[in-house]
Amino acid sequence: MEDLQLIRAVERFLYREADLMDSHRYDDWFALWDEELRYWVPCNADDIDPARQVSLIYDNRGQLEDRLYRLKGRHAHAQRPRSRLMRAISNVIVESADSEIVKARSQFVLGEVRLDRQIVWLGRSLHTLVRRGDNFMIREKTVLLLNNDAPMGNLTFLI
Amino acid sequence: MAKIGTAQNGSSVHNGSSNGHGAADRYSIDGLRAMVRPGEIHSALYTDPAIFELEIERIFHRSWVYIGHESEVPNGGDYRLRSIGRQPVMMVRGADGVVRVLMNRCRHRGAIVCETESGNEKIFRCWFHGWTYDTTGRLMSISLPDGYGEDFDMKAHSLSPAPRVGNYRGFMFASIGTDGPSLTEYLGEASKMIDLLIDSSPTREIEVDAGCNKTVYNGNWKMVGMDGYHPNFVHASAVEMWQRKADTGMGATHRSNPFGNKTSTVTRSLGHGHAMLDLRKQRLEHYEDYEPFLRSLPGGPEFIDAIIARDGEDAGRRLIASAGDPHVGIFPNMQIIHNQVRIITPLAPGKTEVFMFPVLLKGVSAQINAQRLRQHESFYGPASAGSPDDAEIFERTQRGMMAQVDPWLDISRGIHREYVDTDGTIVGHATDEVPQREQIRQWLKMMTGDEAESSAALSA
């Protein structure tokens, strides 16, 4: 039963994160992150070495801050107009949990509509969450896009 | 110069019939030539499907095109699938160590013999009827060979090599065209810009095996060029982002705007359609800003010392300041910008793929190479601060050009102040459209087969 409670809490957290990303609430989303963070979206394959291979995103705190600073400004053309987003999070699995760290895996289906085009993005997210009372903060998040080896257009919204 | 289609009405090329020329004339030599005027080009160059077909045939299937780098296929049997225009090829290192560019097409009934993007194989088997080829392209065996007579010539059924293949210091080029200038002649001055990248490694060796950001945009392939006029607008958000962190590597080189009115950056056309944003002088002026950042990285001091010991203080500083970035476009499908080599592939008049291959340097610390990747990711690729804004503006341009009341595009900026440098290259202000004119000059030359007329067409 304790297990179920933990899964519910992780799901609740991931749903909230999804809401913030869908609605471009950059500051609120950034507030979910722990001080020392790693936000990684590998490119070409899921299991690359980021020190030797190029990623789509490999942000530390400073880089993520830059990313959001730019998106909040008025001249990030690729988000003018903004992507309208709606994602469903599912297949949530708690992979490991101790008193401090919870590791969770989940999948998403993300619909993006921009300039009359609808694109469906699919992927798997790996979260390393730090317990903070009844809540969590994100220490690491890795997003394994299903199409990370295919040519893609605009990925300037939050995933 | 023939004046067909250049009536007073700016849209005369579209309204061919109104001045006595049918639609077909638009695609004649004279019709194509009429789409290029001094400082102006017709937007049909970007939107017309028939012109696009001619470009594939006359440019991509005739010119030297960049295929890939030797370091992508280090071992015998390593291969990468690429294309020349629309034609599928494989860059493969044979068991004999030779890197070849072979047409990916079975000599029996035409199926591709290799279907995955990259890998290592001992043989290439066509799974239609089982013909097999070795890694040099030689036909090794035919299934049920009794069906062929004794005079069947196995040797004449090897995988077809690209008619011409050239290797410039590890960069592999190929051409479907059987004649034309040699690769050395074609690259000309641009080969020195490839040198700038390679020589920025202390051992003069690079590795182009760090994966690839693959992007696609709904716009014409000719848009992705060297443009020093656009950064302050297209990349306003990134410029603002860097300027608030002027002590980082990228920020340091932007303490003074490299594309501002007073900059020492220039545009430079190198002939054969090749052109660059020549940042060399501007970067050298900011050596003192950039050097401490490089020095602060693990392996930074050793890197700096190795280059200066090898090339001397002056040449070494120039090379370090440039950070291996010639910022050059090599017509028609290659660019070397910042830490990457790009391949540009036209798919349709309004659809283009840009594959970005970050380059790692040999003889430097792992941290310096990791830093090169991070710098690349920050501005290039689908999730970065730069490329998506470029793509967005290209797409807006492709949409805007559908307005055809006045279909001419102005590429005249700086035409009155460009000058020929001592080495024969044409130079303009950082924001001038010297590269656009160079690209179109080569475009017209290849589309019409007429060198002299094409060179004169864009002049003031």
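Just so it is clear, the model here is predicted, and its values are computed rather than measured.

Asks: Could you give me a rundown of the overall build of chain B, with the residues and numbers involved?
Replies: Each helix and strand in chain B was counted, giving 16 helices and 24 strands. Scaling as 2.2 N^0.38, a compact globule of 460 residues should have a C-alpha radius of gyration of about 23 Å, and chain B matches this with 24 Å. Classification of the 460 residues of chain B by burial places 58% in the buried group. At a minimum sequence separation of 6, the contacts of chain B that also span at least 24 residues come to 63%. Just so you have it, chain B exposes about 18300 Å², and 52% of that area is on carbon and sulfur atoms. Within chain B, the 58 negative side-chain charges are centred at a point lying 1 Å from the centre of the 48 positive side-chain charges.

Asks: I'd like a description of the overall build of chain A, backed by residues and values.
Replies: Looking only at helices and strands, chain A features three helices and six strands. For chain A, the succession of helices and strands along the chain, N to C, is α-α-β-β-α-β-β-β-β. What you see for chain A is a C-alpha radius of gyration of 16 Å, in line with the 15 Å of a compact globule of 159 residues. With the C-alpha coordinates of chain A rotated into their principal frame, the extents come out at 45 × 35 × 30 Å. Residues counted as buried form 48% of the 159 residues belonging to chain A. Considering only intrachain contacts with a sequence separation of at least 6, the fraction spanning at least 24 residues in chain A is 56%. When the accessible surface of chain A is totalled, it reaches about 7800 Å², and 48% of it is carbon and sulfur.

Asks: I'd like a rundown of helix α3 (residues 61–72) of chain A, residues and numbers included.
Replies: Relative to the 16 Å expected for twelve residues at 1.5 Å per residue, α3 of chain A spans 16 Å between its end C-alpha atoms, a close match to the ideal helical length. Burial in α3 of chain A covers these residues: L64, D66, R67, L68, R70 and L71 of chain A. Looking at the buried side of α3 of chain A, the elements it contacts are α2 (26–30), β1 (33–42) and β2 (55–59) of chain A together with α7 (236–243) and α14 (387–400) of chain B. Sitting at the amino-terminal end of α3 of chain A is N60 of chain A, which places a side-chain oxygen 3.1 Å from the backbone nitrogen of G62 of chain A.

Asks: An account of the pattern of salt bridges is needed here, citing residue identities and associated values.
Replies: Residues and elements named next belong to chain B. With the rule as written, the count across this model stands at 45 salt bridges over all chains. The partner of R169 in a salt bridge is D195, and the shortest N-O contact between them spans 2.9 Å. One end of the pair, R169, is in the loop between β11 (164–168) and β12 (171–175); the other, D195, is in helix α5 (residues 190–199), with 26 residues separating them in the sequence. Among the residues examined, D195 registers a relative accessible area of 17% and is labelled buried. Of the charged contacts, one joins R283 and D325 as a salt bridge, the two residues approaching to 3.0 Å between their closest N and O atoms. In this pair, R283 sits in helix α9 (residues 280–285) while D325 sits in the loop between α12 (313–322) and β17 (328–330), placing the two residues 42 residues apart along the sequence. The pair R283 / D325 is uniform in exposure class, with both members buried. Several salt bridges converge on common partners, so that one network encompasses R169, D195, D199, R204, R310 and D311.

Asks: Quick one: what's the story with unusual backbone geometry, residue by residue and with numbers?
Replies: Put simply, R80 of chain A and P81 of chain A share a cis peptide bond, and its omega is 0 degrees. Tracing the chain through its elements places P81 of chain A in the loop between α3 and β3 (84–97). Cis geometry is adopted by the peptide bond preceding P332 of chain B, which originates at F331 of chain B and carries an omega value of 0 degrees. Unusually for a residue other than glycine, R204 of chain B sits at a positive phi of about 55 degrees. With relative accessibility at 38%, the residue R204 of chain B sits in the partly exposed group.

Asks: Quick rundown of the environment of E438 of chain B? Include the residues and the values.
Replies: Residue and element names in this part refer to chain B. Along the chain, E438 falls in helix α15 (residues 434–448). On the accessibility criterion, E438 (5% relative accessible area) is buried. Separated by 403 residues in the primary sequence, E438 and M35 place their C-alpha atoms 15 Å from one another. Once residues lying within four places of it in the same chain are set aside, the contact partners of E438 are S269, G271, H272, G273, H274 and A275.

Asks: Which residues make up α5 of chain B, and what are the values?
Replies: In terms of residue burial, α5 of chain B counts as a mostly covered element, since nine of its ten residues are buried. Taken residue by residue, α5 of chain B has A190, S191, M193, I194, D195, L196, L197, I198 and D199 of chain B as its buried positions.

Asks: Any chance you could break down the interface of chain B and chain A for me, citing the residues and the numbers?
Replies: Across the boundary between the two partners, chain B contributes 40 residues, which contact 34 residues of chain A. In total, about 3000 Å² of surface goes out of reach between chain B and chain A, with carbon and sulfur atoms giving 48% of it. Interface area lost by chain B to chain A is led by R374, P382 and A383 of chain B, which between them contribute 19%. At the junction of chain B and chain A, the tally comes to six salt bridges.

Asks: How would you explain the pairing of strand β3 (residues 65–69) of chain B if you had to name every residue and give the values?
Replies: Residues and elements named next belong to chain B. With five of five residues buried, β3 is to be regarded as a mostly interior element. Of the strand pairs in this sheet, β3 and β12 are connected by four bridges, and their pairing is antiparallel. By the bridge assignment for β12, Y66 is matched with F173.

Asks: Quick one: what's the story with the pairing of strand β4 (residues 78–84) of chain B, residue by residue and with numbers?
Replies: For a regular strand, side chains alternate in direction, first toward one face of the sheet and then toward the other. All names here are of chain B. Here three bridges tie β4 to strand β7 (residues 118–120), and the two strands are oriented antiparallel to one another. Pairing of Y79 across the sheet is with G119, part of β7. Of the pairings in the sheet, the one linking β4 to strand β5 (residues 87–93) comprises six bridges and is antiparallel in character. The residue of β5 that forms the bridge with S83 is P88. Here β4 folds back onto β5 in antiparallel fashion, the turn holding two residues, of which G85 has a positive phi close to 60 degrees.

Asks: Explain the side chain of S106 of chain A to me, and be specific about the residues and the numbers.
Replies: Checked against the element boundaries, S106 of chain A lands in strand β4 (residues 101–114). Apart from residues no more than four positions distant in its own chain, S106 of chain A is found in contact with L14, I89, S90, N91, V92, G123, R124 and S125 of chain A.

What counts, and where the lines are drawn
- Residues numbered from 1 in each chain as written.
- Chains lettered and ligands numbered in written order.
- Predicted model: local features only at pLDDT ≥ 70, side-chain atom pairs only at ≥ 80, totals over all residues.
- Heavy atoms only, no water.
- Helix = DSSP H or I, 4+ residues; strand = E, 2+ residues; numbered from the N terminus.
- Rg over C-alpha atoms; globule rule 2.2 N^0.38 Å.
- Buried < 20%, exposed > 50% of the residue type's maximum accessible area, 1.4 Å probe, protein only.
- Contact = heavy atoms within 4.5 Å.
- Areas by Shrake-Rupley, 256 points an atom, 1.4 Å probe, with all protein chains shown as cover.
- Lys, Arg positive; Asp, Glu negative; His and termini not counted.
- Charge placed at Lys NZ, Arg CZ, Asp CG, Glu CD.
- Expected span 1.5 Å × (residues − 1).
- Polar contact = N/O pair within 3.5 Å; in protein donor to acceptor, adjacent residues only side chain to side chain.
- Salt bridge = Lys/Arg side-chain N within 4 Å of Asp/Glu carboxyl O.
- Buried area = accessible area lost by both parts, 1.4 Å probe.
- Pairing = 2+ DSSP bridges.

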